[in-house]
Amino acid sequence: MATEQFAAPPGAWVRRAPRPLGIGVLLLLAALPAVLGVLALLLDDDDHLPLGDIAISELAVRDIGQHEVLLGPYSRFGWHHPGPMEAYVLAVPYRLLDGAHESLAVGALAVAGISLVAAVLLVRRHAGFLAAVWTLLVLMVSVRMLGADFLHDSWNPLLPVLPLLAGALLCWAAVRGSAWALPVAVLPLSLAVQSHIGYLAPVVAVGVVLVAGLGVRRFRRLPAGQWGGKPRPRPAGRWLIAAGAAVGIALVLWLPPIIQQVTGDPRNGDLLLDYLRNGTGEAATGFPTGLRVVADEFGKLPVYLTGGEPPEASLLPERWPAWAIAVGLLCFGASLVVAALRRREEVLWLGAFTLAVAAAGVAAVARLEGLPFFYITRWTVVIGVLAWVTVGLGLLPEVVLGIRRAVAWAGQGSRAEVVLGVPLTALATTAVLVTGVGVACAEMPSTDPTGEVVELEAAVVDDLDGLGLTTAADPPVVRVEFAPTTRSTFLGTSFAGTGLLLELVRDGIDARGTEEFRLQLGLRYTQGAEVPGYVATLAYADGTSPPPQPWQRVLAVGAEYQVYGGVPPS
């Protein structure tokens, strides 16, 4: 039997489109972990008071529509990330759920669910149903490795991880001929960069490949998916409309930081530009660390699938096994070689996006200054996802071809796609269920699960009521102080103290932080606290914090914290 009859032309394995029901089930599976997470939160009666940066984020979300919000989250380097788009996005569920604390986590789950569905849908559209099932499997395994609470986390370094993946795949779809993907990609990519400046490098890398890909399409003027043949002109009107829409959407999304740059003092854009040019003067992690961090992303899936234990680390690099990295790189390289031989452009372009984001990852991590916390470069997980999706797109058609040969030699009439698709779908479905149950059972990160801070805040409100300050004609400013400590701790009482401040604001108290926390809390929640009418101090309850001032008294004591309150002498 001649081998030539089994040769699969480009795109042959995606021609038989499944019924709409199959596509709907696939997309439902992609969204299921996020849906289960939202249902679990809505059915939970506990009060999820945010602490730390999440509490600060909720203060910004509360101000949307009521006060001017032009800046992104704060950075430890003395400036703010480019824009407040994250706060505007989270304000939607916050208003729909009437300001419930869990609404930020619901927003994070919604963003993640939309991104997961978009990723699977884009691969289905441009590479077929089997490739989409493989993508679903890769996504679920990757999300599970990130931790059960990852999808709940609205923290600005973590929320944009999956939107970055969706944005990269949208740009890939645009290169493949979907003009509508161009303006849509502006949404997740803008969210990523505005939320954290660390996303600038991968977004620029994606943009470079996008421009190159569109340039190649324009030069060749060929339909998507065709490698050679006669040039055939195509109307450029839809691309002009798409480009104009992309520019218009970008201008709207970036209007708040533009306004701040024009009217603000200091101008945040100038501070950011100075940081990008000159850094902070601290030692950088260096090229070897950047290379290792990116290489690790190729090895995570093999480690997980073989039952290996991932390394536990809070600082970079995490040091995944060398054998797993070698397997990942070998599979990725093989998929590109096969794609080149088979002339599968969809694989080659996705590989190009992967390599560009990987190069950006090496450069970004190598330049990282200060303590190299893993969360700063958590976005590099996108490199691993893109790489393994590329592997599936490049090698699964060859597996189908091999099955087709074996079936034909055995005299069977079964479809090769079914032989491979059934076990692959079963694996993906199992991964979805395992991940979904984990997300539903996970606790919200950076919250007060014991309710201790809520009880301490209630004691402050009771004292204010007893002094008649809440019913006064001109209620005083309440300054919230975070007591120092002799403990060896990075954040001290400020982590829980921001939750105390947030809960006071939610109860209608004009609470402000100290000038020391102007960068974190912003002008609105620190200005006017110099001469307060009342001071509430959060301290540790084990004696590692100073005692209250002579004009303060201990209002309540919890398992870990206590709170002092009183009216300072005029």
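Residues numbered from 1 in each chain as written. Predicted model: local features only at pLDDT ≥ 70, side-chain atom pairs only at ≥ 80, totals over all residues. Heavy atoms only, no water.

Peer 1: Talk me through the confidence of the model for the protein; I want residue IDs and the actual numbers.
Peer 2: On average, residues of the protein carry a pLDDT of 89, and 91% of them reach 70 or more. Taken together, the stretch residues 1-17 has pLDDT below 50 and engages in 28 contacts with residues farther than four places along the chain or on a different chain. Between residues 224-229, whose pLDDT stays under 50, and residues either more than four places distant or in other chains, the model counts 14 contacts. (pLDDT = per-residue confidence, 0-100. Contact = heavy atoms within 4.5 Å.)

Peer 1: Explain the sheet that holds strand S1 (residues 478-482) residue by residue, including any values.
Peer 2: Two strands in a sheet stick together by hydrogen bonds in their backbones, pointing the same way (parallel) or opposite ways (antiparallel). Spatial strand order, S2-S1-S3-S5-S4: five strands in an open sheet with mixed pairing. Pairing within the sheet leaves two strands with one partner each, and these edge strands are strand S2 (511-512) and strand S4 (553-557). Sheet topology note: the S1/S2 ladder contains two bridges and is parallel. Counted as the bridge partner of Arg479 is Arg512 from S2. Where helix H17 (residues 452-466) meets the sheet, its contacts fall on S1, strand S3 (534-540), S4 and strand S5 (561-566), and the angle it forms with S4 comes to roughly 145°. (Pairing = 2+ DSSP bridges. Helix = DSSP H or I, 4+ residues; strand = E, 2+ residues; numbered from the N terminus. Axes fitted to C-alpha atoms, helices over the stretch in contact; angles between N-to-C directions.)

Peer 1: Please set out the packing of helix H12 (residues 287-305) against helix H13 (residues 322-342) residue by residue, giving values where relevant.
Peer 2: Their axes nearest at 7 Å, the elements H12 and H13 cross at an angle of 90°. Here H13 runs roughly perpendicular to H12, going by the angle between their axes. Touching Arg292, Ala295, Asp296, Phe298, Gly299, Pro302 and Val303 of H12 are Trp323, Ala324, Ile325, Val327, Gly328, Leu329 and Phe332, all from H13. (Parallel < 35°, antiparallel > 145°, perpendicular 65-115°, else oblique.)

Peer 1: Before we move on, could you go through the nonpolar core and cite the residues and values that matter?
Peer 2: In this structure, Leu136, Leu165 and Leu393 are the most contacted members of the largest nonpolar core, which totals 101 residues. Leave out the neighbours within four places in its chain, and Leu136 touches Leu26, Leu29, Ala30, Val120, Ala428 and Val432. In this structure, Val453, Leu502, Tyr525 and Ala556 belong to the second largest nonpolar core, which totals 34 residues. (Core = buried A, V, L, I, M, F, W, Y, C linked by side-chain atoms within 4.5 Å. Buried < 20%, exposed > 50% of the residue type's maximum accessible area, 1.4 Å probe, protein only.)

Peer 1: Explain helix H18 (residues 494-506) to me, and be specific about the residues and the numbers.
Peer 2: For H18, which comprises 13 residues, the first-to-last C-alpha distance of 18 Å matches the rise-based estimate of 18 Å (1.5 Å per residue) to within 8%. The buried count for H18 comes to eleven of 13 residues, which makes it a mostly enclosed element. By the burial criterion, the buried members of H18 are Ser494, Ala496, Gly497, Thr498, Gly499, Leu500, Leu501, Leu502, Glu503, Leu504 and Val505. Of the residues one or two after H18, Gly508 is the one with positive phi, at around 85°. (Expected span 1.5 Å × (residues − 1).)

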